[in-house]
Each structure stands twice: as C-alpha cells, then as structure tokens.
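Listed below are the residues making up each chain.
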Amino acid sequence: MKLGLFFDLRNPPAWRRPWPDHYRWSLDLISVAEGMGAASVWFTEHHGLEDGYLPQPLTFAAAVAARTSRVRIGTAVLLAALRHPRHIAEEAAMVDLLSAGRLELGVGAGFAQRDYDAFGADIRRRYPLTDAAVAEIRRLLAAGEVTPPPVQRPLPIWMGYQGPQGARRAGRLGTGLLSLDPRLLEPYEQGLAEGGHEPSSARMSGMLDIIVADDPEEARRRILPHFVYQLNSYRRMNAGGPYRDLTVDEVAGDTGRKGKIPGLTVLTAHDAIQAIRERTAGVPVEHVYLWASVAGMPDDLVERHVELLFREVAPAL
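Here we summarise the structure given alongside this text. Predicted, not measured: the structure shown is a model, and the values here were computed from it.

1. Description of helix α3 (residues 85–98)
Part 1 of the argument: Helix length check: α3 (14 residues) gives 20 Å between terminal C-alpha atoms against 20 Å at 1.5 Å per residue, within 8%.
Part 2 of the argument: Next to the buried residues of α3 lie α2 (57–67), β4 (78–79), β5 (103–108) and α5 (126–142).
Part 3 of the argument: Of the residues one or two after α3, Ala100 is the one with positive phi, at around 60°.

Structural data, given as structure tokens:
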C-alpha cells in the first residue's frame, strides 16, 4: 500500500489567499510531504467554480514533477471526454518525461453538467467517449506516434469509474480501478476476464475521507465550516432542481461515532491506522490517498495532518 495526498487546489472566497501564494504554498506542501515519505500525490478536475477548483491537472502535475524527485504523480481524475486523446497522450508523456517516469494517469467520465457545457460536449455520451479516449491514448503511445515518448512503457492508466458496471468497464479495458469499494472487486475481475486480461492483475486505488489530528474534536470543529462549504459546492453541482445550502449546525448534528461526519472523518494517528486497514481489507490496493486540505482549512491543521500521516500512519501500514 502506497499512501498519498489528494489535491483539488480550492481557494474559497471566505478564506482566500492571493492565487500565486496559494499555488506556491501547495507546491511547498507537496515538497515537504515528499521529504516525509509521501508515496503519491493526486490531482482532480472541475471547471468554472468560484473557488478555482483545479481545471488542468496535468499542467499542475508538470510543475510538481519539476519540484519533486521521488513521489508518484497521479490524476484522479482527468476528464478525458473533454479533450482530444492526442492532447492527453502528449501532455501525459511530457509529465512522465519531466518526472522521469512517475506519472499515474487516472481518467474518468465526471458527473457535472457544467463541465461538459463549458466544452460543448454531450454528458450523455461521457462513458463511451471516455472508453474510446483510453483506447486511443494507448494506441498512440504503443504505436510511437507521441514524440517524445513517455519514460514508462506502458504508461500506468487508471479508470475512475464507480458502481458495478463502471468497474466492469474498467476491467474490460485492462486498466486499474480508482475505487476502494470491496463490492466492486468481483465485477472488476469479471471485466478483466472478459477483456482477455488476467483477473489476478486487478489493482485498485482511491481516496479515503480521513484527516489526521492530535485533537480530533478540536480539529473537527475548526474544519467543519470548510467541509460544509465543500459539501454544498458538490450539492450545487449535482442539483437538478430546487436547492438549499446546508448550514454548519445541520451538518454538525449528523456527527456520529468517533467524530464521523458523512463524508469526513477526523482521527488520531492510531485510529487512522486502524481505519485505513479496515477500509482496504480484501482489496488489491496499490495507492490510498487522503485529502491534503478541505476547502481552505487552516494551514496549521493541514501541516500537522501531513506530518502525522507520513511520520506515524504510513510507517505502520
């Protein structure tokens, strides 16, 4: 199991810092995390959000490649249906070259209508478009049509598909699956067999919604407004009709055992180790990544989370 961090580069208006400072701080954090033993960093994608949610993950990945020397660099996920496959193949090859062979290319179909509208694409065709993009990216790389070529041959490709049908699609394509849901292993292995791939080649990676803190109760109190902002932004993206933002008090009222808020768990290092073990049991896991920061949460909590994660949690795993 390789433990890493997941970044969306949100910089919400209520806690905004100057954009150059925000990107510089994020790059510095990644460099520090690598020095502490982080195995991977992963970047995601949305478009046109008020908080500047990262729109171009491979561009940022190139900057990370130039600032680091060991950490694996992944996209989780790149929205392949919004780009020409040759653009993806060439940009991925460049990041792989800049990083000396450290790219993990994760692609997905996405879910937000606004992302597809921004590019004039049809969200109803997102799955066949994404499948076709992966096939063409592989063909271009295998045929030597991408110059200069990537260092890794073949380039590791992951599919961010969810649900049994998505897992099966990823299997048929012979890619890794960006999910840690143990219920998806069987359909994923079925898909691998259907695509002529060895079921034993199954490999799964994904995010766990855990933040590590010395005092989870206090950290949770300070993180909660940031988490509620993030939760509401996702709800707005998914809203198909009338919509109302949740309040901090409403979300706080859902707090359950061991500080579990739906979508976020704040734990000590000791409890995080146990939680990660439990939530990856029975899965052919390769990468596990946790939020680096939740929507502009306080820097001291982010920095301590990273320190605990790689000084105490990672060695125990």
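Right, picking up where we left off after that structure.
2. Topic: the packing of α2 against α3
Part 1 of the argument: Between α2 and α3, whose axes approach to 8 Å, the crossing angle comes to 15°. Taken together, the axes of α2 and α3 are roughly parallel relative to one another. Here α2 and α3 pass one another in a crossing that is left-handed. Each of Leu58, Ala61, Ala62 and Ala65 in α2 lies in contact with α3, whose residues at this interface are Ile88, Glu91, Ala92, Val95 and Leu98.
Part 2 of the argument: Tallied by class, the residues present in the contact of α2 with α3 amount to 8 nonpolar, no polar and 1 charged.

3. Some points on unusual backbone geometry
Part 1 of the argument: A cis amide bond, omega 5°, links Ala76 with the succeeding residue Val77.
Part 2 of the argument: Positionally, Val77 belongs in the loop between β3 (72–75) and β4.
Part 3 of the argument: At the junction of Thr147 and Pro148, the peptide bond is cis and its omega measures out at -5° in the coordinates.
Part 4 of the argument: Among the secondary structure elements, Pro148 is positioned in the loop between α5 and β6 (157–159).
Part 5 of the argument: Even without a glycine there, the phi angle at Leu9 is positive, about 60°.
Part 6 of the argument: Relative to the helices and strands, Leu9 is located in the loop between β1 (2–7) and α1 (19–36).

Rules behind the numbers
- Residues numbered from 1 in each chain as written.
- Predicted model: local features only at pLDDT ≥ 70, side-chain atom pairs only at ≥ 80, totals over all residues.
- Heavy atoms only, no water.
- Helix = DSSP H or I, 4+ residues; strand = E, 2+ residues; numbered from the N terminus.
- Expected span 1.5 Å × (residues − 1).
- Contact = heavy atoms within 4.5 Å.
- Axes fitted to C-alpha atoms, helices over the stretch in contact; angles between N-to-C directions.
- Parallel < 35°, antiparallel > 145°, perpendicular 65-115°, else oblique.
- Left-handed = near helix turned anticlockwise from the far one by under 90°.
- Nonpolar A, V, L, I, M, F, W, Y, C, P; charged D, E, K, R; others polar.

Note that every value here comes from positions in space, so none of it alone points to a role or purpose.
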